[in-house]
Amino acid sequence: MDTHLVEEVAALTPGDYKSDVKPIWCPGCGDYSVLAAVTRALANMGLARHNTAVVSGIGCSSRIPAYTSCYGFHGVHGRSLAAASGLKLARPDLTVLVFGGDGDGFSIGGNHFLHACRRNVDMTYVVMDNQVYGMTKGQASPTTEADWCESKLTPEGPGVNPIQPVSLALACGANFVARGFSGDPNEVARLIVEGVRHPGFSVIHVLSPCVTFRPEQRGWKSTVHPYGRQPTDDPNEAMRAVLEDDGFGLGIFLAGNRRPFAPAGTAVKTIQQIEEGFAV
Amino acid sequence: MAVDSVTIALVGSGGAGVMTAGQMLLDAAAQVGWYGLMSRSSGPQIRGGEAAALVRLSPKPVEGPGDRFDLIIAFDWQNVERFAAELPMTAESVIVTDPSQGDVPAVLAASGARIIELPIKELAGKIPGGRVNMVGLGAVASIVGLPRAGVDAVIDKALGKKGEGAVKASAAGIDAGAKEVAGWGLGLELTAPEARTGIRWNISGNEAAGFGALKAGVKFCAAYPITPATEILEWLAPNLARTGGLLVQAEDELASINMIVGASFGGVPSITATAGPGLSLMTEALGLAVASETPVVVVDVMRGGPSTGIPTKSEQSDLNIAVNGLHGDAPHLVVAPTSIADCLFTTQWAVHLAEALQTACIVLSDQSMGQSRAVVDKPADQPFKAQRLLADGLDSGELFKRYAVTGSGVSPTAIPGMPGGEHTADGLEHSERGLPSSQSSDHHKQLDKRLRKLVGHDYGIHWADIEGDGDVAVLTWGSATGPAREAVARLTAAGHKVRLVSLRLLSPVKPELVAEALKGVSRVLVVEQTHGAQFHKHIRAHVDLPGTVSVLSQPGPLPIRARDVQQALASIL
Ligand SMILES: Cc1ncc(C[n+]2csc(CCOP(=O)(O)OP(=O)(O)O)c2C)c(N)n1
Ligand code: SF4
């Protein structure tokens, strides 16, 4: 990633990575702190804004790109990882960060998440998990508890077991997996820096409360706890350890050694030479 | 007396090697200076199952199937009735059949075609490593008067990698077949080729589309395989890599289209190819490309629909979804090649247009062009390249207006890496700066802008192929153009005056251009390969066609033949 530590080093503060656009988020939403963590991380790394791309799908959390002063791409629901993969593969010189919610990433975008983990393109994915669809006003997501009965869509509760993003990421082969909590933006910023610096696909699961549709998540600040182990580079060991995790342990689970997927062609033929292949 | 065109079907179940024999026949004909076309008809089986290589040869360029099959040679008759309807014959046709494979199926024999027996399997059996397809190739080559040197020139190319033994066995098989038919005197010798001027190519529509993309400067492709588009992707994979680009296999079409949107946001000209089912999955992201003004090109190689439909056979029935499939008011480009060779130009042009107009462009090819191979004159070089209008003066200190409302509708853009051009490209409706906006004024301005840039663009002469004059016109598009052109040529030769107007630009329709092309016409025949007359309805939604209008609209998998168009024209002449 060192190639991106360019020009503007030292000159930029977190504020310089914020745009002048006022977020649409509800007061108290965890996503504000994630935004603060992102700008802090970018300033910390001294990334040039014009060489940084922030990609997202659709949802409250997916609004982040326009709130930064980097290049941004706000695509369609669930496809941020596909768009970001195309961007990074075509433009390996850029630093690519991807943001979105648990619905965007694990429901409509679940297949892309699986394949982004196994493909291991060098980019960083921050999932802001509030265990609900915020933007569509409070429906169950793939990380919602089976007995959560507050949604009009599933008044008896979704009735299906939630997935655990960290173990899913490990199972699918992500190369760097960590969990943070929006209530501690400094730590989230640190995880983002680590994730960006780590080669390959980095998944940072950030617990980010939806104060409007899951007000009880305000209590997360007393539920979260340090994960308590040192990061490992062995996915099997990380997987074993995660089996004991309660979903609220914070820290880096895996910093693996898989080679990033970065195929690159080399121009060894001209159009003229290819054309000659058609001649009779 | 020699004939000016001969149409041959090599028929046999999988393993008989009809496609190899067909390709070698086409290659050999090209070697000696003939033109030709080979299309494929195959069943749904992955391997095995009924198959036919359909080859038409002529001293003149060939752009469509013949009216009937002059010669059918069958290595076996397994399941041939499944595509008998695609093998029209008359009493002048000849069927060569192997007596060991049973009787000629009644559906084919009913044509009254002359039936001649040839013990193909027995002949092949006498040669160590001998194969029926080579015996058949020898017989056909001899029947059409293809000089042996032409065949020899291609044996090595086709079979060399299988070793000397295979090459020898093939040559012996070809000899055996040729020897048996010598003296049959079927009258199917093709007129000798004219002296060759210029370079000729042997190319499939799918290869041509891939090459067109490359020529325009495409450097990225995301791919999900689907019949009959896969060959574009498989051709692009090594050729993009060799020219410094990249193809990546995606997990599905939702990913492939979003990947190319992402790559294109990065300033890299990008493409994907698919067929109807994939295009259906891509429509949401095509709308994203339109709204975010991110250029992308999707080549849709059409097959029979709806749903999974008939994957291996051609139809023009994706026109509706290509033109109207996006939600919201989402003006975008739809273009169609008018021949196999034109798959090159049209795809190259599509990339150029998408980039120049910062929008999505769908190229509507089809199975009959994509998976057919033709010997053609090398297409003329065209200057069309991917070129995006980039903003300058980005160091002014002002916030960049990505979606600035301009006279042309095209807004100068900035791509990541350009300092001062930072912005968020958005599928949400937005202000000129790109910030999400639900205000009517922003929505209306951006809608107008996105339409204006397409409608106001000067597409030059390329919007249609217009040939001939007279007050009768054939209005058509895509792979129906070849047969229509042939029908027009025949009628013109017979002293009639008929015009051909084949649209390459299907959306936006330019009513004033269509009206001009049809000026003075009192009868129009619309020709297309759909069940629902999709093209006819599409055109009529935009243009008042002059005089009386008749429609020849026939669904796949039956190809439109020159004879069909000629008959339809005869009734209005
Ligand atoms: C194809 C499609 N389906 C549905 C929607 C509606 N939609 C918008 S955001 C969203 C879910 C958002 O939830 P999440 O991703 O968890 O993000 P949050 O709002 O909670 O941050 C849905 C279903 C859409 N925009 N597009
Ligand atoms: S609905 Fe929830 S997730 Fe969305 S902005 Fe409000 S608090 Fe945040």
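Residues numbered from 1 in each chain as written. Chains lettered and ligands numbered in written order. Predicted model: local features only at pLDDT ≥ 70, side-chain atom pairs only at ≥ 80, totals over all residues. Heavy atoms only, no water.

A. Geometry of the overall build of chain B. Within chain B, the regular secondary structure consists of 18 helices and 21 strands. The burial tally for chain B puts 61% of its 573 residues in the buried class. Once local pairs closer than 6 in sequence are excluded, the contacts in chain B between residues at least 24 apart make up 75%. Of the roughly 20,500 Å² of accessible surface on chain B, 54% is carried by carbon and sulfur atoms. (Helix = DSSP H or I, 4+ residues; strand = E, 2+ residues; numbered from the N terminus. Buried < 20%, exposed > 50% of the residue type's maximum accessible area, 1.4 Å probe, protein only. Contact = heavy atoms within 4.5 Å. Areas by Shrake-Rupley, 256 points an atom, 1.4 Å probe, with all protein chains shown as cover.)

B. Examining the overall build of chain A more closely. When helices and strands are tallied, chain A shows 10 helices and 8 strands. For 280 residues, the compact-globule estimate of 2.2 N^0.38 gives 19 Å, and chain A sits close to it at 19 Å. Counting only C-alpha atoms, chain A reaches 70 × 45 × 40 Å along its principal axes. In chain A, which comprises 280 residues, the proportion classed as buried is 59%. At a minimum sequence separation of 6, the contacts of chain A that also span at least 24 residues come to 71%. Charge centroids of chain A, computed over 23 positive and 27 negative side chains, lie 3 Å from each other. (Rg over C-alpha atoms; globule rule 2.2 N^0.38 Å. Lys, Arg positive; Asp, Glu negative; His and termini not counted. Charge placed at Lys NZ, Arg CZ, Asp CG, Glu CD.)

C. Highlighting the packing of helix α6 (residues 165-172) of chain A against helix α9 (residues 235-242) of chain A. Residues and elements named next belong to chain A. Remark: α6 packs on α9, axes separated minimally by 10 Å, with the N-to-C direction vectors making an angle of 155°. With respect to each other, α6 and α9 are oriented roughly antiparallel. Considering only the axes of α6 and α9, their crossing is left-handed. Between α6, through V166, S167, L170 and A171, and α9, the contact on the second element is made entirely by A238, M239 and V242. Looking at side-chain class alone, the contact of α6 with α9 contains 6 nonpolar, 1 polar and no charged residues. (Axes fitted to C-alpha atoms, helices over the stretch in contact; angles between N-to-C directions. Parallel < 35°, antiparallel > 145°, perpendicular 65-115°, else oblique. Left-handed = near helix turned anticlockwise from the far one by under 90°. Nonpolar A, V, L, I, M, F, W, Y, C, P; charged D, E, K, R; others polar.)

D. Examining the domain arrangement of chain B more closely. Residues and elements named next belong to chain B. Domain parsing of chain B yields domain 1 (6-181), domain 2 (202-377), domain 3 (389-457) and domain 4 (463-570). Domain 1 and domain 4 are separated by 34 Å when their C-alpha centres are compared. Of the roughly 890 Å² buried where domain 1 meets domain 4, counting both sides, 43% is carbon and sulfur surface. On the domain 1 side of the contact with domain 4, E63, P65 and D67 bury the most area, a combined 56% of that side's loss. Our count for the contact surface shared by domain 1 and domain 4 stands at 3 salt bridges. Between E63 and R485 there is a salt bridge, and its shortest N-O distance comes to 2.5 Å. (Domains from an automatic or database assignment. Buried area = accessible area lost by both parts, 1.4 Å probe. Salt bridge = Lys/Arg side-chain N within 4 Å of Asp/Glu carboxyl O.)

E. Focus on the UniProt feature "domain: Thiamine pyrophosphate enzyme TPP-binding" (unreviewed entry) in chain A. Sites flagged by UniProt as "domain: Thiamine pyrophosphate enzyme TPP-binding" (unreviewed entry) map to residues 58-206 of chain A. Here residues 58-206 of chain A runs as 35% helix and 19% strand, with 17 Å between its end C-alpha atoms. (UniProt positions renumbered as here; feature names shortened; annotations may be inferred.)

F. Summary view of the site of ligand 2. The environment of ligand 2 is formed by W25(A), C26(A), C29(A), C60(A), N130(A), G134(A), C210(A), V211(A), T212(A) and F213(A). Tallied by class, the residues present in the shell around ligand 2 amount to 7 nonpolar, 3 polar and no charged. (Near = heavy atom within 4 Å.)

G. Highlighting the packing of aromatic side chains. Scanning the entire structure with this criterion turns up 17 aromatic pairs over all chains. Relative to F211(B), the ring of F278(A) has its centre 5.3 Å away and its plane inclined at 65°; by these criteria the two rings are edge-to-face. You can see F278(A) sitting in the segment after α10 (271-276) and its partner F211(B) sitting in helix α7 (residues 205-216), one on each of two chains. Across this residue pair, the class does not change: F278(A) and F211(B) are buried. Note on F278(A) and W235(B): the rings are 6.0 Å apart at their centroids and 20° apart in plane angle, and the pair reads as stacked. Remark: W235(B) occurs in helix α8 (residues 230-242) and F278(A) occurs in the segment after α10; the pair is interchain, linking two chains. Note on W235(B): relative accessible area 11%, which makes it buried. (Phe/Tyr/Trp six-rings, centres within 6.5 Å; stacked < 30°, edge-to-face > 60°.)

H. Region of interest: helix α7 (residues 185-197) of chain A. All names here are of chain A. Spanning 13 residues, α7 covers 18 Å between terminal C-alpha atoms, matching the ideal 18 Å at 1.5 Å per step. Of the positions making up α7, those classed as buried are P185, V188, A189, L191, I192, V193, G195 and V196. In the core, the buried residues of α7 are packed alongside α1 (31-45), β3 (95-101), β4 (124-129), β5 (176-181), β6 (202-207) and β8 (249-255). (Expected span 1.5 Å × (residues − 1).)

I. Structural context of the environment of A36(A). Note on placement: A36(A) falls in helix α1. As a C-alpha pair, A36(A) and S182(A) span 146 residues in sequence and 9.3 Å in three-dimensional space.

J. Focus on the sheet that holds strand β1 (residues 52-56) of chain A. Ordered in space as β7(A)-β8(A)-β5(A)-β6(A)-β4(A)-β3(A)-β1(A)-β2(A)-β15(B), the 9 strands form an open sheet in which the pairing is mixed. Across the chains shown, the open sheet's two edge strands, defined by having one partner strand only, are β7 (225-226) of chain A together with β15 (424-426) of chain B. Pairing of β4(A) with β6(A) involves 6 bridges; the strand directions are parallel. When the sheet's bridge partners are listed, M128(A) is paired in β6(A) with V206(A). Against the sheet, α7(A) contacts β3, β4, β5, β6 and β8 of chain A, and its axis sits at roughly 165° relative to β5(A). (Pairing = 2+ DSSP bridges.)

K. Expanded view of the site of ligand 1. Close to ligand 1 lie 17 residues, the nearest being C60(A), S61(A), G103(A), D104(A) and G134(A). The local environment of ligand 1 is shared, drawing residues from chains A and B. At 2.8 Å from an oxygen atom of ligand 1 is found a main-chain nitrogen or oxygen belonging to G103(A). Contact distances for ligand 1 include 2.8 Å between an oxygen atom and a backbone N or O atom of G134(A). (Polar contact = N/O pair within 3.5 Å; in protein donor to acceptor, adjacent residues only side chain to side chain.)

L. Highlighting unusual backbone geometry. All names here are of chain B. In this chain, T227 is followed by P228 through a cis amide linkage whose omega measures 0°. In this structure, P228 sits in the loop between β8 (220-223) and α8. Along the chain, G556 connects to P557 via a cis peptide bond; the corresponding omega equals 0°. Structurally, P557 is set in the loop between β21 (548-553) and α18 (562-570). Phi at N79 is positive, roughly 60°, even though this residue is not glycine. Among the residues examined, N79 registers a relative accessible area of 21% and is labelled partly exposed. A positive phi angle, close to 50°, is found at A533, a residue other than glycine. Tracing the backbone shows A533 in the loop between β20 (523-528) and α17 (534-542).

M. Main features of the sheet that holds strand β16 (residues 464-467) of chain B. Residues and elements named next belong to chain B. Read across the sheet, 5 strands follow the order β16-β18-β17-β20-β21 without closing on themselves; strand pairing throughout is mixed. The sheet is open, and its two edges are formed by β16 and β21, each paired on a single side. Averaged over all pairs of adjacent strands, the angle between their axes in this sheet comes to 15°, without regard to strand direction. Relative to strand β18 (residues 498-503), β16 runs antiparallel, the two being bridged by 4 bridges.

N. Expanded view of the nonpolar core. Core analysis: the biggest nonpolar cluster contains 149 residues, and F201(A), F220(B), L286(B), L364(B) and L475(B) have the highest contact counts within it. For this core, the leading source of residues is helix α12 (residues 342-357) of chain B, giving 9 residues. L25(B), A30(B), A124(B) and V132(B) belong to the second-largest nonpolar core, a separate cluster that totals 50 residues. (Core = buried A, V, L, I, M, F, W, Y, C linked by side-chain atoms within 4.5 Å.)

O. Focus on the confidence of the model for chain B. Averaged over every residue, the pLDDT of chain B is 96; the share at 70 or more is 100%. If you check the scores for this complex, the pTM reads 0.97 and the ipTM reads 0.96. (pLDDT = per-residue confidence, 0-100.)

P. Examining the interface of chain B and chain A more closely. Taken together, the contacts link 61 residues of chain B with 44 residues of chain A. Between chain B and chain A, the buried area comes to about 4,200 Å², and carbon and sulfur atoms account for 65% of it. By the criterion of area lost to chain A, the three top residues of chain B are R242(B), E251(B) and E422(B), representing 14% of everything that side buries. Taken together, the links from chain B to chain A amount to 4 salt bridges. One salt bridge connects E275(A) with K215(B), and the closest N-O pair in it is separated by 3.9 Å. The tally of links from chain B across to chain A stands at 26 residue pairs in polar contact (both at pLDDT 80 or more). Elements that contribute at least two residues to the side of chain B that touches chain A include exactly α1 (18-32), β7 (200-204), α7, α8, β9 (246-249), α9 (253-265), α10 (276-292) and β15 of chain B. Broken down by class, the residue content of the side of chain B that touches chain A amounts to 31 nonpolar, 17 polar and 13 charged. In the sheet, strand β2 (residues 71-74) of chain A pairs with β15(B) via 3 bridges, with the strands oriented parallel. Within β15(B), the position partnered with F73(A) by the bridge is A425(B).

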